[in-house]
Structures are given as structure tokens and as C-alpha cells.
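Survey of secondary and tertiary structure
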Amino acid sequence: MKLSQAFTLEGTGGIASPWRRLSWMSIGLVYLCFPILDIVTGQVTGARAVWGALGLVAFIALYVAVVVSQRTFGEPTRLSHLLLTAVTVLAVGLPILYGGGWMTLPIYVTVLYSMALRPRVAVAGIVGMGVAVALISTLKQNDLGSTLVFVFQVATLGILFMGVRNTRLLVTQLRQAQEEVARLAASEERLRIARDLHDLLGHSLSLIVLKSELAGRLAESGSERAVAEINDIESVAREALVEVRDAVTAYRQRGLSGELDGARAAMEAAGTRVTVRLAGTPLPDAMDGLLGWAVREGATNVIRHARATRCEIEVTCDGESTVLEIVDDGRGAAPYGPGSGLTGLTERVEAAGGTVSAGPGETGFALRVAVPTATGGRA
């Protein structure tokens with residue numbers, strides 16, 4: 001007898017949603033056809049049939065209530081205890097009164113014990129239900145074979161579903177541990193970034209404050225040294241800005257291959273067919289990151305403005321220079337004016353000694369980035 005549908009587990013919470021559990025549980029309840037047949041076929045008649053039907057309805061309602069009310073394995077609430085007690089009374093009382101196919105009811109309660117109670121309590125409940133089934137079967141004068149089958153089903157299904165519960169608990173704990181590891185990794189990364197920025201800016205900002213105070217005092221006294229100190233402040237501030245930009249670029253940089261994959265996926269999702277061509281030697285890390293930045297900016301413009309059906313991305317490196325070209329067949333921009341993204345990209349490329357050209361062409365919009373390979377893409 002398979003009652004694995006009684007509880008279905010999913011997600012990190014360990015237990016599926018009530019509707020999902022009920023839908024699967026309804027399949028497991030098919031074995032209640034045996035007591036129902038006793039009533040329908042006339043083996044139980046008259047008032048006994050009415051009371052039996054009412055008792056069976058009450059058993060199903062309580063069984064469903066236990067399944068729905070359960071939230072955590074091995075941690076039943078007071079309501080769960082009350083419902084388990086009531087369904088246990090029916091699971092034992094109805095077989096005593098009717099026997100036959102009603103002997104399937106204790107098996108359902110065994111599954112509830114296995115899934116809802118703590119292991120030691122569940123084992124005690126399974127043993128107790130096994131003894132009860134043996135006594136009821138003997139009372140109803142069932143043959144020894146039928147008695148052993150009922151007891152065997154109680155024992156095996158009880159152990160089986162305790163194993164299922166333990167497995168799902170381990171899976172849940174593993175997922176929670178993975179989430180905790182990810183959270184700690186993210187927290188550690190934030191701390192690392194904070195330490196790096198502190199190290200980068202702490203000295204520079206302290207120096208700027210001291211020189212600002214000194215420049216102020218010198219300016220009040222009319223000293224010519226005030227101009228020199230102000231120039232020093234500007235120099236320190238520019239150096240700090242460069243260091244912060246380098247650090248942020250390292251944090252955010254995904255590389256050319258990653259940006260190409262992301263651009264392809266994004267544009268194809270927007271209905272644009274993408275062709276990528278790469279030719280030349282492997283790029284230095286800094287160059288790789290700079291072109292990755294260019295691909296991201298170009299792909300963003302294609303998706304937002306071009307309404308293109310086709311886009312070609314080509315990267316060539318001949319040893320002396322590296323060229324990136326992104327050409328689409330969209331509507332281009334009319335009138336065209338570089339936005340903040342292209343302006344920022346142009347500044348980075350020019351800082352690396354390269355050039356950027358962008359604008360509408362005959363069939364759409366074209367972006368071309370050329371950077372001398374000798375510079376290594378230093379931005």
C-alpha cells in the first residue's frame with residue numbers, strides 16, 4: 001500500500017503548500033474505497049451504515065485537517081495534537097466496530113505519526129498502532145496471514161515515511177545552509193569592499209582635510225603658499241578619484257565573453273537576431289574589461305532605441321589595435337545625440353588611448369570602439 005502522496009514536500013520550507021498536499025493526498029485516500037465498499041455493497045446496513053459513513057467522513061476531515069495544519073516536521077502544535085488524538089480514536093474505534101476493509105484506517109494514522117511527530121514519539125506511536133491492529137484483527141477473528149499483513153504494513157510504512165521525513169529535513173537544512181553561506185559570502189564581500197574603499201580614501205581624505213586647513217590659514221595670512229597647497233589638494237583628489245574608479249571597475253567588470261553572452265540573451269529576448277564574430281589573439285584583462293563595458297553600452301542602446309531585427313557584433317585584434325563594432329538594422333536615432341552612457345564610454349576609451357565613433361548609418365546605428373593593444377586597455 002503506497003501512501004507517499006499523504007505529504008508532498010517542496011521548497012526551502014520543507015512542506016508543500018496546503019493545496020498541493022491536498023491534491024496529492026487525495027490520491028492516497030483511494031484505499032478508503034474498502035470501507036466505502038462495505039457500505040455500498042450492503043455488508044454494513046441500517047443504522048450501522050449511517051454511523052459508519054458519518055465516522056468515515058469525520059475521519060477524512062480530521063486527516064485532511066492534520067495534513068493542512070502541519071507546518072514543520074516533528075513540531076506539532078497543540079491543534080495538531082488534538083487532531084491527531086481525534087483521528088486516532090476513529091482509526092481504532094471504527095475497525096473495532098466494523099472490521100474488514102476498515103482495517104486500512106490505522107495505516108493512514110501511522111503515516112501521520114511518521115510525518116508529524118518527533119522520531120521517538122513517532123516510533124512509540126507506530127509500535128502502539130501495530131499492537132492495536134494486531135489486537136483488533138484478533139478480536140475480529142481474522143486469519144493469521146491477514147493479521148500479519150496489517151501489522152507489516154503499519155511497521156513498514158511507518159519506517160518508510162520516517163525516512164522520507166528525515167530525508168526532506170536534511171534537504172531543507174542543506175538549502176538553508178546554502179542560503180546562509182551565500183548570505184555570509186555577500187556580507188563578507190561588502191565588508192571587503194568597505195575595507196578597500198576605506199584604505200583607498202582614508203589617507204587621501206585625511207590629507208585633503210589637513211591641506212585644506214593649512215591652505216585656509218595661509219590664505220588668511222596672504223601667503224603665496226596657499227596656491228601651492230590648493231594645487232596639492234586638487235592633485236590628491238584626482239588621484240583618489242582614479243583609485244576609486246579603478247576599484248569600482250574591478251568590482252563591476254564582467255569581461256568581454258560574459259558581456260557578449262548577456263548581450264546576446266537580452267537582444268534575442270527582445271526579438272533581435274544577433275551574430276557575434278571574434279578574431280585575433282586573446283585580449284589583456286584590462287582591454288577585455290573595457291570592451292565588455294562597450295558591449296554592454298552598445299547592447300543597451302540597441303534594445304532601448306533601435307527596434308532592430310538584426311545586430312552584428314564583431315571584435316578583431318591584429319596585434320596593434322583592437323576594434324569592436326556593433327551594427328544594427330534599426331531605426332537609429334533622429335536626431336542623434338550621445339547620451340550619458342556613450343559619453344562615459346568615450347571618456348574611458350580615450351583614457352586608454354582609443355577612439356569611439358557612433359551614429360546612424362545607412363541601415364541603422366553603428367558603434368565603433370578602437371583601442372591600441374599596446375596600451376593594454378588601461379582606463
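The following paragraphs examine the structure supplied in this document. (Residues numbered from 1 in each chain as written. Predicted model: local features only at pLDDT ≥ 70, side-chain atom pairs only at ≥ 80, totals over all residues. Heavy atoms only, no water.)

**Quick look at the side chain of Thr-272**
You can see Thr-272 is positioned in the loop between α9 (256-269) and β1 (273-279). Within polar-contact distance, the side chain of Thr-272 engages the backbone oxygen of Ala-308 at 2.8 Å. Excluding residues that lie within four positions of it along the chain, Thr-272 makes contacts with Met-267, Ala-308, Thr-309, Arg-310 and Cys-311. (Helix = DSSP H or I, 4+ residues; strand = E, 2+ residues; numbered from the N terminus. Polar contact = N/O pair within 3.5 Å; in protein donor to acceptor, adjacent residues only side chain to side chain. Contact = heavy atoms within 4.5 Å.)

**With respect to the nonpolar core**
Among the nonpolar cores identified, the biggest contains 40 residues, and Phe-59, Leu-84 and Leu-105 are the most heavily contacted of them. At the level of secondary structure, the elements contributing two or more residues to this core comprise α3 (46-69), α4 (78-98), α5 (105-116), α6 (119-139) and α7 (144-221). Per-element tally for this core: the top contributor is α5, with nine residues. In contact with Leu-84, other than residues within four places in its own chain, are Val-66, Leu-112, Tyr-113, Ala-116 and Leu-117. In terms of nonpolar packing, the next biggest core, distinct from the first, is built from 28 residues, Leu-256, Leu-290, Cys-311 and Val-371 among them. (Core = buried A, V, L, I, M, F, W, Y, C linked by side-chain atoms within 4.5 Å. Buried < 20%, exposed > 50% of the residue type's maximum accessible area, 1.4 Å probe, protein only.)

**A look at the packing of α3 against α4**
Close contact between α3 and α4 brings their axes to 9 Å; oriented N to C, the two are set at 150 degrees. By the angle class used here, α3 and α4 are roughly antiparallel. Relative to α4, α3 is oriented so that their crossing is left-handed. Where α3 abuts α4, its residues Arg-48, Trp-51, Gly-52, Gly-55, Leu-56, Ala-58, Phe-59, Leu-62, Tyr-63, Ala-65, Val-66 and Ser-69 lie against Leu-79, Ser-80, Leu-83, Leu-84, Ala-86, Val-87, Leu-90, Ala-91, Leu-94, Leu-97 and Tyr-98. Each residue belonging to the contact of α3 with α4 can be placed in one class, and the counts come to 18 nonpolar, four polar and one charged. (Axes fitted to C-alpha atoms, helices over the stretch in contact; angles between N-to-C directions. Parallel < 35°, antiparallel > 145°, perpendicular 65-115°, else oblique. Left-handed = near helix turned anticlockwise from the far one by under 90°. Nonpolar A, V, L, I, M, F, W, Y, C, P; charged D, E, K, R; others polar.)

**What to know about the side chain of Arg-165**
Within the fold, Arg-165 resides in helix α7. Within the structure, the side chain of Arg-165 is placed 2.9 Å from the backbone oxygen of Ser-114, a separation counted as a polar contact.

**Quick notes on the sheet that holds strand β3 (residues 321-328)**
Strand order in the open sheet made by the five strands is β1-β2-β3-β5-β4, with mixed pairing throughout. Edge strands, defined here as strands with exactly one partner in the open sheet, are β1 and β4 (355-360). Pairs of neighbouring strands in the sheet enclose a mean axial angle of 5 degrees, with direction left out of account. Both β4 and strand β5 (residues 365-372) contribute to a ladder of six bridges, which runs antiparallel. From the neighbouring strand, Gly-359 faces β5, where its bridge partner is Ala-366. Running at roughly 160 degrees to β1, α9 makes contact with β1 and β2 (310-317) of the sheet. (Pairing = 2+ DSSP bridges.)

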